[in-house]
Amino acid sequence: MSSDITLYTWPTANGIKASITLEELGLPYKVEPIDIGANIQKQEWFLKINPNGRIPALTDGTQRVFESCSIMLYLVNKYDTNRKISYSPGTPEYVEQVSWLMFQTGGLGPMQGQANHFRLAAGVRSDYSIKRYIEETKRLYSVVESRLQQSPYLAGWKYTIADIASYTWVRRGPQLLEIDLAEFPAIEKWVDNIGRRATVKKGADIPHVDRMSGQTDEFFQNARARIDAMTNSDKS
Ligand SMILES: N[C@@H](CCC(=O)N[C@@H](CS)C(=O)NCC(=O)O)C(=O)O
């Protein structure tokens with residue numbers, strides 16, 4: 001099947017969901033780097049592709065697709081005819097796969113995103129928000145842990161886009177938020193296994209950006225220390 005795919009992206013948790021999916025499917029695609037630090041995603045031309053002004057977005061010929069999980073579903077529904085990383089529409093496993101995708105896009109992503117923001121990047125210190133969002137992130141991890149205690153992958157017995165969607169968030173959460181993965185042994189094993197895939201390694205580095213791939217433990221320690229040095233701004 002022919003494709004004319006351009007991926008507009010940046011190497012973030014949402015961005016790499018799309019590039020890992022494309023790598024898994026072995027599809028040819030062009031990459032248009034969108035530096036979100038320079039607000040390229042808010043430019044007029046980009047809003048025509050994603051009216052929400054965020055990455056990732058994708059075009060396939062004249063078709064535009066935005067929202068990372070929507071991009072993943074679009075790609076597998078159209079191109080994963082061998083069902084390498086997806087289940088067939090109309091099957092119970094497909095419904096399970098979509099349920100876990102929605103769990104990620106409606107829960108894990110937004111909650112961990114807020115935890116990351118308040119713990120590492122905010123302009124004020126809010127102890128209430130830090131506690132609320134880290135606790136909610138950990139609660140969501142415990143939901144993933146329970147599921148992975150029952151089956152090796154989120155949608156069942158096969159590695160699918162449902163795993164990719166949550167993996168891209170969970171792989172960095174512990175480092176960013178000081179979450180001890182020893183509390184979540186099934187997640188730890190699942191993250192290690194997925195992270196070893198050559199396709200995942202390649203997709204997680206698209207586009208390659210030195211300042212993103214060079215973020216070390218020290219970088220995140222410094223970010224947390226900046227917040228800790230502020231006075232808590234919550235009103236009681
Ligand atoms: N629900 C959206 C979220 C996309 C999103 O928040 N992308 C972030 C990067 S991970 C972004 O573009 N941030 C820049 C901005 O908010 O302007 C999706 O899954 O695609």
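Residues numbered from 1 in each chain as written. Predicted model: local features only at pLDDT ≥ 70, side-chain atom pairs only at ≥ 80, totals over all residues. Heavy atoms only, no water.

## Details of the sheet that holds strand β4 (residues 63-66)
Turning to step 1, where the next piece is worked out: Reading across from one edge, β2-β1-β3-β4 is the order of the 4 strands in this open sheet, with mixed pairing throughout. A single partner strand is all that each edge strand has here, and the edge strands are β2 (30-33) and β4. Sheet twist, expressed as the mean angle between neighbouring strand axes with direction ignored, is 20 degrees.
Turning to step 2, where the next piece is worked out: Pairing of strand β1 (residues 5-9) with β2, which is carried by 4 bridges, proceeds in the parallel orientation. What sits directly across from Leu7, in β2, is Val31.
Turning to step 3, where the next piece is worked out: Most of the contacts of helix α1 (residues 13-25) go to β1, to which it runs at about 150 degrees, and overall it touches β1 and β3 (57-60). (Pairing = 2+ DSSP bridges. Helix = DSSP H or I, 4+ residues; strand = E, 2+ residues; numbered from the N terminus. Axes fitted to C-alpha atoms, helices over the stretch in contact; angles between N-to-C directions. Contact = heavy atoms within 4.5 Å.)

## A short note on the site of the ligand
Turning to step 1, where the next piece is worked out: Taken together, the residues surrounding the ligand are Thr12, Asn14, Ile36, Gln41, Lys42, Gly53, Arg54, Ile55, Pro56, Glu67 and Ser68.
Turning to step 2, where the next piece is worked out: Within the complex, the protein chains bury 79% of what would otherwise be the 510 Å² of accessible surface of the ligand.
Turning to step 3, where the next piece is worked out: For the shell around the ligand, the residue count by class is 3 nonpolar, 5 polar and 3 charged. (Near = heavy atom within 4 Å. Areas by Shrake-Rupley, 256 points an atom, 1.4 Å probe, with all protein chains shown as cover. Nonpolar A, V, L, I, M, F, W, Y, C, P; charged D, E, K, R; others polar.)

## Section: the pattern of salt bridges
Turning to step 1, where the next piece is worked out: Applying the stated criterion to the full structure yields 13 salt bridges.
Turning to step 2, where the next piece is worked out: A salt bridge links Lys84 to Glu24, with the shortest nitrogen-to-oxygen separation between them at 3.2 Å. Placement of the pair is Lys84 in the loop between α3 (68-79) and α4 (92-121) and Glu24 in helix α1, with a sequence separation of 60 residues.
Turning to step 3, where the next piece is worked out: Members of the salt-bridge network, linked through shared partners, are Glu24, Lys84 and Arg197. (Salt bridge = Lys/Arg side-chain N within 4 Å of Asp/Glu carboxyl O.)

## Section: the nonpolar core
Turning to step 1, where the next piece is worked out: Ile5, Leu22, Leu58, Leu75, Ile161, Ile187 and Trp190 are the most contacted members of the largest nonpolar core, which has 64 residues in total.
Turning to step 2, where the next piece is worked out: Looking at which domains feed residues into this core, each of domain 1 (5-79) and domain 2 (92-228) gives three or more.
Turning to step 3, where the next piece is worked out: Formed by 8 residues, the second largest nonpolar core is a distinct cluster that contains Tyr8, Ile34, Ile55 and Val209. (Core = buried A, V, L, I, M, F, W, Y, C linked by side-chain atoms within 4.5 Å. Buried < 20%, exposed > 50% of the residue type's maximum accessible area, 1.4 Å probe, protein only. Domains from an automatic or database assignment.)

## Comments concerning unusual backbone geometry
Turning to step 1, where the next piece is worked out: The residue after Ile55, namely Pro56, is reached through a cis peptide bond having omega 5 degrees.
Turning to step 2, where the next piece is worked out: With an omega of -10 degrees, the peptide bond running from Ile206 to Pro207 counts as cis.
Turning to step 3, where the next piece is worked out: When you line up the elements, Pro207 lands in the loop between α9 (198-203) and α10 (210-213).
Turning to step 4, where the next piece is worked out: In the Ramachandran plot, Asn39 falls in the positive-phi region, its phi being about 60 degrees despite a non-glycine side chain.
Turning to step 5, where the next piece is worked out: Judged by relative accessible area, Asn39 falls into the partly exposed class, the value being 43%.
Turning to step 6, where the next piece is worked out: A positive phi angle is found at Glu67, which is not glycine, with a value near 80 degrees.
Turning to step 7, where the next piece is worked out: Take Glu67: it is sitting in the loop between β4 and α3.
Turning to step 8, where the next piece is worked out: The partly exposed category is assigned to Glu67, whose relative accessible area is 38%.

## Overview of the UniProt feature "domain: GST C-terminal" (unreviewed entry) in the protein
Turning to step 1, where the next piece is worked out: Annotation from UniProt places "domain: GST C-terminal" (unreviewed entry) at residues 90-220.
Turning to step 2, where the next piece is worked out: Regarding residues 90-220, the helix share stands at 72% and the strand share at 0%, and the terminal C-alpha atoms are separated by 43 Å. (UniProt positions renumbered as here; feature names shortened; annotations may be inferred.)

## Examining the UniProt feature "domain: GST N-terminal" (unreviewed entry) in the protein
Turning to step 1, where the next piece is worked out: Taken from the UniProt record, the annotation "domain: GST N-terminal" (unreviewed entry) applies to residues 2-83.
Turning to step 2, where the next piece is worked out: Annotated as residues 2-83, this span is 35% helix and 21% strand, and its ends, taken at the C-alpha atoms, are 17 Å apart.

## Re the environment of Ile130
Turning to step 1, where the next piece is worked out: Along the polypeptide, Ile130 turns up in helix α5 (residues 127-150).
Turning to step 2, where the next piece is worked out: Taking the relative accessible area as the measure of exposure, Ile130 reaches 12% and is therefore buried.
Turning to step 3, where the next piece is worked out: In the structure, Ile130 is positioned 15 residues away from Ala115 in sequence and 6.0 Å away in space, judged by C-alpha atoms.
Turning to step 4, where the next piece is worked out: Leave out the neighbours within four places in its chain, and Ile130 touches Phe118, Arg119 and Ile227.

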